[in-house]
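# Breakdown of the fold
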Amino acid sequence: MSGPVLALTIAGMAAVTFGPRLLPTLFLAAASLPGPVVVWLRQVPPAVIAALLAPPLFVPDGRLDLGPGNFGLWLAVPTLLLAWRTRNFYLTIAFGIGSLALLRFLAG
């Protein structure tokens, strides 16, 4: 790939990546959103996290696994409770990863 084509490709990828993030910020910075829209937007981050976490927690090997050997699923409950109570991102991550590593180590 020649230099100008590569530069245009990178510029195009940057525009496609940052455009959808930048344009709403520019147009809605001074606007006041209606109440229902604000309520709906508050639900987006939990929905995205649930969509990302549900498959590896419930279907880790391509099949539904709710058994006692699915450590990730069972440790998700106390980790979620810790996150809800403390609202501390780093503590929650450390607890989740640490407890999963410890349980896998103890289980062999």
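Residues numbered from 1 in each chain as written. Predicted model: local features only at pLDDT ≥ 70, side-chain atom pairs only at ≥ 80, totals over all residues. Heavy atoms only, no water.

Moving on, we get to the confidence of the model for the protein chain. Per-residue pLDDT for the protein chain has a mean of 92; in total, 100% of the residues score no lower than 70. In the model of the protein chain, helix H1 (residues 3–28) stands out as the element of lowest mean pLDDT, 91, in contrast to helix H5 (residues 89–107), which has the highest, 94. (pLDDT = per-residue confidence, 0-100. Helix = DSSP H or I, 4+ residues; strand = E, 2+ residues; numbered from the N terminus.)

Our focus in this paragraph is the packing of aromatic side chains. If you walk through the whole model with that rule in mind, you get one aromatic pair. Pairing Phe-89 with Tyr-90 gives two aromatic rings, centres 5.2 Å apart and planes at 80°, and the pair type is edge-to-face. Like Tyr-90, Phe-89 is exposed. (Phe/Tyr/Trp six-rings, centres within 6.5 Å; stacked < 30°, edge-to-face > 60°. Buried < 20%, exposed > 50% of the residue type's maximum accessible area, 1.4 Å probe, protein only.)

Before going further, it helps to examine the UniProt feature "transmembrane region" (unreviewed entry) in the protein chain. UniProt annotation of "transmembrane region" (unreviewed entry) refers to residues 39–59, 66–83 and 89–107 when read in the numbering used here. Between the C-alpha atoms that bound residues 39–59 there is a distance of 31 Å. The span itself is 90% helix and 0% strand. (UniProt positions renumbered as here; feature names shortened; annotations may be inferred.)

Quick look at H1 now. Between its first and last C-alpha atoms H1 spans 37 Å; for 26 residues at 1.5 Å apiece the expected length is 38 Å, and the two agree. Remark: the principal bend of H1, roughly 45°, maps to Gly-19, with a proline, Pro-20, within the next four residues. (Expected span 1.5 Å × (residues − 1). Bend = angle between axes of the 7 residues up to and from the residue.)

What follows is about the side chain of Thr-79. The residue Thr-79 is located in helix H4 (residues 71–86) in this model. You can call Thr-79 buried: its relative accessible area is 15%. A polar side-chain atom of Thr-79 sits 2.7 Å from the main-chain carbonyl oxygen of Leu-75. The contacts of Thr-79, once residues within four sequence positions are left out, are Thr-92, Phe-95 and Gly-96. (Polar contact = N/O pair within 3.5 Å; in protein donor to acceptor, adjacent residues only side chain to side chain. Contact = heavy atoms within 4.5 Å.)

Here we take up the side chain of Ser-99. Residue position: Ser-99 is located in helix H5. The class of Ser-99 is buried, set by a relative accessible area of 16%. Sequence-distant contacts of Ser-99, that is, excluding residues within four places in its chain, are made with Leu-75 and Ala-94.

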